[in-house]
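Listed here are the chains, written in short residue letters.
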Amino acid sequence: MEFCIFGKYYCKRWWRMGTISLTTKIYFGKGAVARLRDLGAKRIFLVTDAFFFQNGIAKEILHAVGGEGKIFHGVLPDPSVSLVAEGSKMAQEFAPDMLLALGGGSSMDCAKGILLSLPQRPVFVAVPTTSGTGSEVTAFSILTHEGVKHPLIDPTLRPDYAILDDDLLQNLPPKLIAEAGMDALTHCMEAVVSKEGDLYSQALAVTAAETLMELLPRSFDGDKSVRGNIHLAATLAGISFDHAGLGVLHAVIHALGGAFHIPHGRLGGVLLPHVMVLNEKVSLHQYARVARACGMEGAWEKTAVRNLRGAICRLRKHLGLPSTLREAGIESKELEERMEEIVSAAEQDACLLGNPRSVSREEMRKLLREAMG
Ligand SMILES: [Zn+2]
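Criteria and thresholds
- Residues numbered from 1 in each chain as written.
- Predicted model: local features only at pLDDT ≥ 70, side-chain atom pairs only at ≥ 80, totals over all residues.
- Helix = DSSP H or I, 4+ residues; strand = E, 2+ residues; numbered from the N terminus.
- Buried ≥ 20, exposed ≤ 12 C-beta atoms within 10 Å, placed from the backbone.
- Contact = placed C-beta atoms within 7 Å.
- Core = buried A, V, L, I, M, F, W, Y, C linked by C-beta atoms within 7 Å.
- Domains from an automatic or database assignment.
- Axes fitted to C-alpha atoms, helices over the stretch in contact; angles between N-to-C directions.
- Parallel < 35°, antiparallel > 145°, perpendicular 65-115°, else oblique.
- Left-handed = near helix turned anticlockwise from the far one by under 90°.
- Expected span 1.5 Å × (residues − 1).
- Pairing = 2+ DSSP bridges.
- Nonpolar A, V, L, I, M, F, W, Y, C, P; charged D, E, K, R; others polar.

Colleague: Please give an account of the overall build of the protein that cites residues and values.
Modeller: A count of helical and extended segments in the protein gives 12 helices and eight strands. For the protein, the spread of C-alpha atoms along the three principal axes comes to 60 × 40 × 40 Å. Each of the 373 residues in the protein was classed as buried or not, and the buried ones make up 53%. Here the contacts in the protein between residues at least 6 apart in sequence split such that 76% fall between residues at least 24 apart.

Colleague: Tell me about unusual backbone geometry, and name the residues and values.
Modeller: A positive phi angle, near 50°, is found at Ala95, a position not held by glycine. As for its placement among the helices and strands, Ala95 is situated in the loop between helix H3 (81-94) and strand E4 (98-103). Since 12 C-beta atoms lie within 10 Å of it, Ala95 is described here as exposed. Its identity is not glycine, yet His261 carries a phi of approximately 55°, on the positive side. Counting through the fold element by element, His261 comes out in the loop between helix H8 (248-260) and helix H9 (264-293). Looking at His261, the number of C-beta atoms within 10 Å reads 12, which means it is exposed.

Colleague: Pulling in residues and values, what's your account of the nonpolar core?
Modeller: Leu100, Cys188, Ala208, Ala209, Leu212, Ala237 and Val252 are the most contacted members of the largest nonpolar core, which has 120 residues in total. Viewed by domain, this core spans two of them, domain 1 (13-169) and domain 2 (174-372), each represented by three or more residues. Ignoring anything within four residues of it in the chain, the contact list for Cys188 reads Ala205, Ala208, Ala209, Leu212, Ala237 and Ser240.

Colleague: Quick one: what's the story with the domain arrangement of the protein, residue by residue and with numbers?
Modeller: According to the domain assignment, the protein consists of domain 1 (13-169) and domain 2 (174-372). Once you take the C-alpha centre of each, domain 1 and domain 2 turn out to be 25 Å apart. Contacts between the two partners involve 26 residues from domain 1 and, on the opposite side, 29 residues from domain 2. Of all elements in the fold, only strand E1 (25-28), strand E6 (140-145), strand E7 (148-153) and strand E8 (161-164) reach the threshold of two or more residues within the side of domain 1 that touches domain 2. The greatest single-element share of the side of domain 1 that touches domain 2, amounting to four residues, is contributed by E7.

Colleague: Give a description of the packing of helix H5 (residues 174-191) against H9 that names residues and reports values.
Modeller: The N-to-C vectors of H5 and H9 enclose an angle of 25°; their axes lie 9 Å apart at closest approach. Between H5 and H9, the angle falls in the class roughly parallel. By crossing handedness, the relation of H5 to H9 is classed as left-handed. Here Glu179, Ala180, Met182, Asp183, Thr186 and Met189 of H5 come into contact with H9, specifically with His264, Gly265, Arg266, Gly268, Gly269, Leu272, Met276 and Val290.

Colleague: Break down helix H7 (residues 227-244) for me, citing the residues and quoting the values.
Modeller: The end-to-end C-alpha separation of H7 is 25 Å, in line with the 26 Å expected for 18 residues at 1.5 Å each. Among the 18 residues of H7, 16 are classified as buried, and the element is accordingly described as predominantly covered. One or two steps after H7, the chain reaches Gly245, where phi turns positive at roughly 90°.

Colleague: Lay out the sheet that holds strand E2 (residues 43-49) in plain terms, naming residues and giving numbers.
Modeller: Overall, parallel pairing links the six strands, which are arranged E1-E8-E5-E4-E2-E3 in an open sheet. Two strands close off the open sheet at either side, each with one partner strand: E1 and strand E3 (68-75). Strand-to-strand twist of the sheet, defined as the mean angle between neighbouring strand axes without regard to direction, takes the value 20°. Of the pairings in the sheet, the one linking E2 to E4 comprises four bridges and is parallel in character. When the sheet's bridge partners are listed, Val47 is paired in E4 with Ala101. Running over the sheet, helix H4 (residues 105-117) touches E2, E3, E4 and strand E5 (123-128) and is turned about 160° from E4. Here H7 sits on the sheet and contacts E1 and E8; the angle it forms with E8, its principal contact strand, is near 155°.

Colleague: Outline the packing of helix H6 (residues 199-220) against helix H10 (residues 301-318), listing residues and values.
Modeller: One can describe the packing of H6 onto H10 by two numbers: an axis separation of 10 Å at closest approach and a directional angle of 15°. Comparing their axes, H10 and H6 come out roughly parallel. By crossing handedness, the relation of H6 to H10 is classed as left-handed. Counted together, Met213, Leu216, Pro217 and Phe220 of H6 and Ala311, Leu315 and His318 of H10 form the full contact between these two elements. In terms of residue class, the contact of H6 with H10 is made up of six nonpolar, one polar and no charged.

Here is the structure:
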């Protein structure tokens, strides 16, 4: 099988060299879930968490597809390899012709692990209920094994269909809007400067970043009318980083998240301004494109980018997200004790390869200490 689990980068990178891969068909907008019926599935294996099982939405989705369904509702945050094994056993016995992931990033990550275990690949559908991970269009999955997060990267993990239905976003709690939205923004900011990027990924990242910067505060404050556009922007950011890769920010937050069990978006928001400073020397022009799109003032690119960093810090504050690792719940002593372990995990993370410049161990330590606050 052509994938690498546990820290090794997928080695056949040919699919990125001058290739634009448009794998996932996306249905979006109010009532998009109704399109599931057109897919003609007969045996549907639905992967979700207890929340969507108990509130009846998983059953409603199965009803929308039609056919015979089975629900695996054991998904937990940061899904582990053993959780995937449990779901895989159930899925193999059921032998579905459609695998459907319903929920946030954890449900999609878990479903992707299950997908790889099936002897025959069913149609794979993602129905995201948060606007952030972009997993509904990417070849990435993050699974946890013995406290370490491992990116799993395989082109077959890209869903065949993504259903972005506004109706699923109406009751999103502000905390999830904030954390997922900030995650999507970090995807834009890493993809736009990635050394694997090009016009395609940059165009998507710039548009998505502009949309998120403008609309996230409104959605957080209760304006439901903007959630559909935020959802689509998060997916565009996903397409962008699926094409271009990510960078040092994600390498570090995977390592930190594995060690301290703090949500991905909270850590990403803390690190983003610091990583922009780190990469600015080689990526000023790309950051400036985002800054201009977001209406930042400044005749010089450096000024516009500085203003963008300020705007990101204000957005973070508006969304109630921490501005330092200390505020995110990490003690300085704990960080120092686990520093080498975290830096080593980040160094081996596949995401690091997309960063526009190489980052030494010492620079990672400095980044973490600065972010500590
Ligand atoms: Zn992310």
